[in-house]
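Fold and contact review
What follows is each chain in one-letter form.
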Amino acid sequence: VEPGPLTGKHVLVTAGPTHEPIDPVRVIANRSSGKQGFAIAAAAAQAGARVTLIAGPVSLPTPGGVARIDVETAQQMADAVEEALPADVAILVAAVADWRVEPSSAKLKKADGPPQLSFAPNPDILAILGEHPDRPTLLVGFAAETQDVVSNAEAKLRSKKADWIVANDVSGNVMGGSHNRIHLVTKQSVEDWPEAAKEDVARHLITRIAQELE
Ligand code: C5P
């Protein structure tokens, strides 16, 4: 790896959806493609960082110079994140399922009628890191919202004890799409960034992070 602004830093990235099993063949999922998180992992590696990418189920190639750990569920993602600590920077881009169900060990049969699923909350990885004894120096969360994007991000920044929240409006074609328009919400300011390819958003974010760590 070429030396760069993040040489010597460990950057932890989560990306993609999680899958919460219902039975051996069915899952609860969401529309996250993993593109933005993978682009951020790639940009961090290009900036010289040691990068651990904890990925939910996505069909994307591993970026060069990135150590990838594949997981399926939110609980597995939380465990993998804690095992990967300490990190200088954590960027939690994954669209983690908020709830899981107690999966049936046998396939649910259609003839038995619609199942009654009962949901339990998943661990909130960002909130766990916000209070962790090995809290990363810079803790960055994402917020996918369809309304009140910035005010929801500001509330999230406080409640999860993050340093930055990258807020994006996903009411358009962002999830699975190639472009993103974000607002970088810090404790001091809100920056509205122009719409750009997810790779460019990733490079700008990594540049901002390197400046912040200086
Ligand atoms: O609360 P909400 O899901 O909107 O928060 C989004 C941010 O929190 C993202 O950075 C996401 O990766 C993170 N998150 C998490 N674990 C969860 C839920 C969200 O790390 N269980």
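Owing to the predicted nature of the structure, the values given are computational and were not obtained by experimental measurement.

As a note on interpretation, predicted positions should not be read in detail where pLDDT is low. When pLDDT is averaged across the protein, the result is 95; 99% of the residues are at 70 or more. ipTM for the predicted complex: 0.95, alongside a pTM of 0.96.

All right, on to the site of the ligand then. Close contacts around the ligand come from Leu92, Ala94, Val96, Pro123, Asp124, Ile125, Leu126, Gly141, Phe142, Lys156 and Lys160, and that covers them all. Between the ligand and proline 123, the relevant distance is 2.8 Å, taken from a nitrogen atom to a main-chain nitrogen or oxygen of the residue. With respect to the ligand, the side chain of lysine 160 contributes an N or O atom lying 2.8 Å from an oxygen atom. When grouped by side-chain class, the residues that make up the shell around the ligand number seven nonpolar, one polar and three charged.

Bringing the UniProt feature "binding site: CTP" (unreviewed entry) in the protein into the picture now. According to UniProt, the feature "binding site: CTP" (unreviewed entry) maps to Asp98, Lys107, Pro123, Asp124, Ile125, Leu126, Phe142, Lys156 and Lys160 in the numbering used here. In sequence the annotated residues extend across 63 residues, and in space they extend as well, their farthest C-alpha pair lying 37.5 Å apart. Looking at the secondary structure, you find aspartate 124 in the loop between strand S8 (119–121) and helix H3 (125–130). Here the side chain of aspartate 124 touches alanine 127 through a polar contact of 3.1 Å, landing on its backbone nitrogen. Mapped onto the secondary structure, phenylalanine 142 falls in strand S9 (residues 138–145). With sequence-adjacent residues up to four places away left out, phenylalanine 142 is seen in contact with Gln36, Ile40, Ile91, Leu92, Val93, Ile165, Val166 and Leu205.

Let's shift gears to helix H4 (residues 149–159). Within the sequence span of H4, burial applies to Val149, Ala153 and Leu157. What you see down the axis of H4 is that its buried residues fit within an arc of 70°, all on one side. What points out from H4, more than 90 degrees from its buried face, is the exposed set Arg158 and Ser159.

Conventions adopted
Residues numbered from 1 in each chain as written. Predicted model: local features only at pLDDT ≥ 70, side-chain atom pairs only at ≥ 80, totals over all residues. Heavy atoms only, no water. pLDDT = per-residue confidence, 0-100. Near = heavy atom within 4 Å. Polar contact = N/O pair within 3.5 Å; in protein donor to acceptor, adjacent residues only side chain to side chain. Nonpolar A, V, L, I, M, F, W, Y, C, P; charged D, E, K, R; others polar. UniProt positions renumbered as here; feature names shortened; annotations may be inferred. Helix = DSSP H or I, 4+ residues; strand = E, 2+ residues; numbered from the N terminus. Contact = heavy atoms within 4.5 Å. Buried < 20%, exposed > 50% of the residue type's maximum accessible area, 1.4 Å probe, protein only. Arc of directions from axis to C-beta.

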